[in-house]
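# Descriptive structure summary
Read off the chains here:
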Amino acid sequence: MITISIASGKGGTGKTTIANNLAVVSSDNGYSVTYMDCDVEEPNGALFLKPKIEEIHPVSVSIPKVDPEKCTGCGLCGEICQYSAIVVLKTSPLIFPELCHGCGGCWEVCPVGAITETFRDTGKLETGHADGIRFAQGILNVGEVMAPPVIRKVKAVRTDTDLLIIDAPPGTSCPVIESIRGADFVLLVTEPTPFGLNDLKLAVEMVRILMLPFGVIINRADVGDDRTRNYCQSEQIDILAEIPDDRRIAEVYSRGELVCKALPEYRHVFSELLERIEKKITPGKGAAERRADR
Amino acid sequence: MKELTVISGKGGTGKTSVVASFAALAAGSVLADCDVDAADLYLVLEPKIIRQENFSGGKRARIDHNLCTACGKCKELCRFDAIFFDGEGNERLQKTFRVDPVACEGCGVCAWFCPEKAIIFAEAVNGQWYVSETRHGPMVYAKLGIAEENSGKLVTTVRQEAKKIAEQRGLNTIIVDGSPGIGCPVIASITATNLVLAVTEPTVSGLHDLKRVADLTSHFNIPTLVCINKWDLNRDIADEIERQVTDNGLVVAGRIRYDKAVTEAQIRGLSVVEYTKDGCAEDIKKLWRNVLDHLQGLV
């Protein structure tokens, strides 16, 4: 299986468009495909792929539960907690579930066994199919702070299709890292504007720290200026495809339709994109590492 | 003093371009770029940095390979898949355990329980924040290190510094540029702010993401205005957004037309309202007057 994560520093550059069109065109070309939407704060893949959801699972995280009968008020739990999620005042500890990372420190450290592990839902995982494509998406509950546990749950879905396409959230911090970790290839989507370039540089720094093979796709390629292309050239980064600033694409996207269906003249862009990526990677390496991760 | 936070749910709807124009229109405000993952406002405002500080979002574990006996307690306890058995060896062992700094969430459980006290658990620098002067007033912004944790804490730091500056200089408006999404940095950028402006676009994703943002601001009880950017890209969805927003008791404070001048201005390092007087610049000026009325409690 080949795992391709689609990311970008800047939001709104076209990650979801690239991800779902790549999934559909590859599926049409005979590949078995899984699509995972890891942008769990704002998942949009389903708006375009329109999957039939077959299963819904809650995503829960570990939090502590204190037995006030057993608690001696020694304060060790508050001392080990780095997130101020458990605070010991004069009596038994107060817990702030939203701040808890579920590290387990408090119940490991409690000398009298007064703290046990319990669970709290912070989101859900939905799985199903969209026209033969296996589909999974994570949805973070509104008001929750931490996306990574939901992303981990999506990525834990077992699948063995030829291709796994992961739609990552924008940015370069923990949710993005979680989404691209273990990928065989990371596709960075950008646009040739100053903001696009600035955020592309951050994204490149990120994939280089993670030592993942990557390439760039320039969307709305004829807006802006040449600085993005010049940057890629001087950094020896492959530009795998360019998509023009076609108002029809923007309109098709606005209605929640697939570019490859509504504007078939663009199908070849996605077929060629996959061919170019395949030439650049060692299939299966990412999958093996992902298993090792767990 | 009033604080306005501009967010969007969906990325790339034009938050930063709107904020840059607001900065030019609002004489005497403090700017706070809280998109600490991908800060872009400085590209338009060309800040002169007058103060720079390191940011520490927490601690991080590191194993001293010389002391490690490879007992594996750390790996057993770590809940973040951050411990790997491929660290440098020592006199007794061919290899030892190692902490992957990217996966480490800084909980310190490994260090606490290591029987050999071989794990160093120390404050990590994971970003910088800056106080600067721009042609439109002071700006506080930050850069979170790549792959770093705790963007929320950095956002809070940036907002606090912006507030201090506003107090010191007697400026009565703070304009905060937020980040996309609804998670940690976004929640940190809207907590206890006076007014949120949610910038959306007339697409099915724009509408979907706006609903989640509106749920978020109502969850925290924050007054929220909506702006539909590039509204003429799909007039039907723009109308649909307006209908849904109004039904939910929120207010559409303005519509901005699609205009290539936005990108042209960005390339020249200008806000749109500095670059042109027509087209979408008119819409943004109207929007700003409306937002300001709400912010000052006149509406």
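Remember, it's a predicted structure, so these values are computed and weren't measured experimentally.

Helix and strand counts for chain B come out as 11 helices and 13 strands. Referenced to the eigenvectors of the C-alpha coordinate spread, the extents of chain B come out at roughly 75 × 40 × 35 Å. In chain B, once contacts between residues fewer than 6 apart in sequence are set aside, the share between residues at least 24 apart is 74%.

A separate point is helix 5 (residues 148-155) of chain A. Summarising burial for helix 5 of chain A: eight of the eight residues are buried, a large majority. Of the positions making up helix 5 of chain A, those classed as buried are Pro148(A), Pro149(A), Val150(A), Ile151(A), Arg152(A), Lys153(A), Val154(A) and Lys155(A).

Between chain A and chain B, the contact holds 53 residues from the first and 53 residues from the second. Contributing elements (two or more residues each) for the side of chain A that touches chain B: helix 4 (105-109), helix 6 (174-180), helix 7 (194-209) and helix 9 (247-254) of chain A. If one sorts the elements of the side of chain A that touches chain B by residue count, helix 7 of chain A sits on top with eight residues. The residue inventory of the side of chain A that touches chain B, partitioned by class, reads 23 nonpolar, 20 polar and 10 charged.

To continue, consider the confidence of the model for chain A. Per-residue pLDDT for chain A averages 93, and the proportion of residues at 70 or more is 96%. Long-range and interchain partners of residues 290-294 of chain A, a stretch whose pLDDT sits below 50, account for four contacts in this model, where long-range means more than four residues apart.

As far as domains go, chain A holds domain 1 (2-32 + 161-293) and domain 2 (63-121). Of note, the centres of domain 1 of chain A and domain 2 of chain A, computed from C-alpha atoms alone, are 42 Å apart.

Generally speaking, a soluble globular protein has its nonpolar side chains buried in company with each other. In terms of nonpolar packing, the biggest core is built from 148 residues, with Ile6(A), Ile165(A), Leu188(A), Ala142(B), Val158(B), Leu197(B) and Cys227(B) touching the most fellow members. With near-sequence residues (within four places) excluded, Leu188(A) lies in contact with Ala7(A), Ser8(A), Leu200(A), Ala203(A), Val204(A), Phe214(A) and Val216(A). Judged by nonpolar contacts, the second largest core, of 20 residues, contains Cys107(B), Val109(B), Cys110(B) and Ile119(B).

Residues and elements named next belong to chain B. With five of its five residues buried, strand 2 (residues 29-33) lies for the most part within the structure. Residues Ser29, Leu31 and Asp33 point to one face of strand 2 and Val30 and Ala32 to the other, with burial holding for every one of them. Across five bridges, the pairing between strand 2 and strand 10 (residues 173-177) is parallel. Following the sheet pairing, Ala32 is matched in strand 10 by Val176.

In this section: the sheet that holds strand 1 (residues 2-7) of chain A. All names here are of chain A. Taken in spatial order, the nine strands make up an open sheet running 3-6-7-2-8-1-9-10-11, and their pairing is mixed. Edge strands, defined here as strands with exactly one partner in the open sheet, are strand 3 (52-66) and strand 11 (239-242). The mean inter-strand angle of the sheet, taken between neighbouring strand axes irrespective of direction, is 20°. Of the strands in this sheet, strand 1, strand 9 (185-190) and strand 10 (214-218) are in contact with helix 7, which crosses strand 9 at around 170°.

Below, the discussion takes up the domain arrangement of chain B. By the assigned domains, chain B splits into domain 1 (2-53 + 127-295) and domain 2 (58-124). Placing a centre on the C-alpha atoms of domain 1 of chain B and another on those of domain 2 of chain B gives a separation of 41 Å.

Moving on, we get to the sheet that holds strand 11 (residues 195-200) of chain B. All names here are of chain B. Reading across from one edge, 3-8-9-2-10-1-11-12-13 is the order of the nine strands in this open sheet, with mixed pairing throughout. Edge strands, defined here as strands with exactly one partner in the open sheet, are strand 3 (48-55) and strand 13 (251-256). Going from strand to strand, the sheet's axes swing by 20° on average, the running direction of each strand aside. Summarising the sheet, strand 1 (residues 2-7) and strand 11 pair through four bridges and their orientation is parallel. From the neighbouring strand, Val6 faces strand 11, where its bridge partner is Leu197. Where helix 11 (residues 280-295) meets the sheet, its contacts fall on strand 1, strand 11, strand 12 (224-229) and strand 13, and the angle it forms with strand 13 comes to roughly 160°.

Definitions and cut-offs
- All residue numbers refer to positions counted from 1 along the written sequence of the respective chain.
- All chains are assigned letters beginning with A, and all ligands numbers beginning with 1, in the order in which they are written.
- With pLDDT at 70 or above as the cut-off, local features in this predicted model cover only qualifying residues; side-chain atom pairs require 80 or more to be listed or tallied, and sums for whole chains, interfaces and linings still use all residues.
- Helix and strand definitions here come from DSSP, where helices need a minimum of 4 consecutive H or I residues and strands a minimum of 2 consecutive E residues; each element is numbered from the N-terminal end.
- By definition, residue pairs are in contact when their C-beta atoms, positioned from the backbone, come within 7 Å.
- Three classes are used. A residue is buried when 20 or more other C-beta atoms lie within 10 Å of its own, exposed when 12 or fewer do, and partly exposed in between, with C-beta atoms placed from the backbone.
- Only Asp, Glu, Lys and Arg are considered charged, only Ala, Val, Leu, Ile, Met, Phe, Trp, Tyr, Cys and Pro nonpolar, and every remaining residue, Gly among them, polar.
- On a range of 0 to 100, pLDDT expresses the predictor's confidence in each residue.
- Start and end points for every domain follow an automatic or database-based domain assignment.
- Only buried residues count toward a nonpolar core: Ala, Val, Leu, Ile, Met, Phe, Trp, Tyr and Cys, linked into one set through C-beta atoms within 7 Å.
- When DSSP finds at least two bridges between two strands, those strands are taken to pair.
- Fitting a line to C-alpha atoms yields each axis, with helices limited to the stretch in contact; the angle taken between N-to-C directions then spans 0 to 180 degrees.

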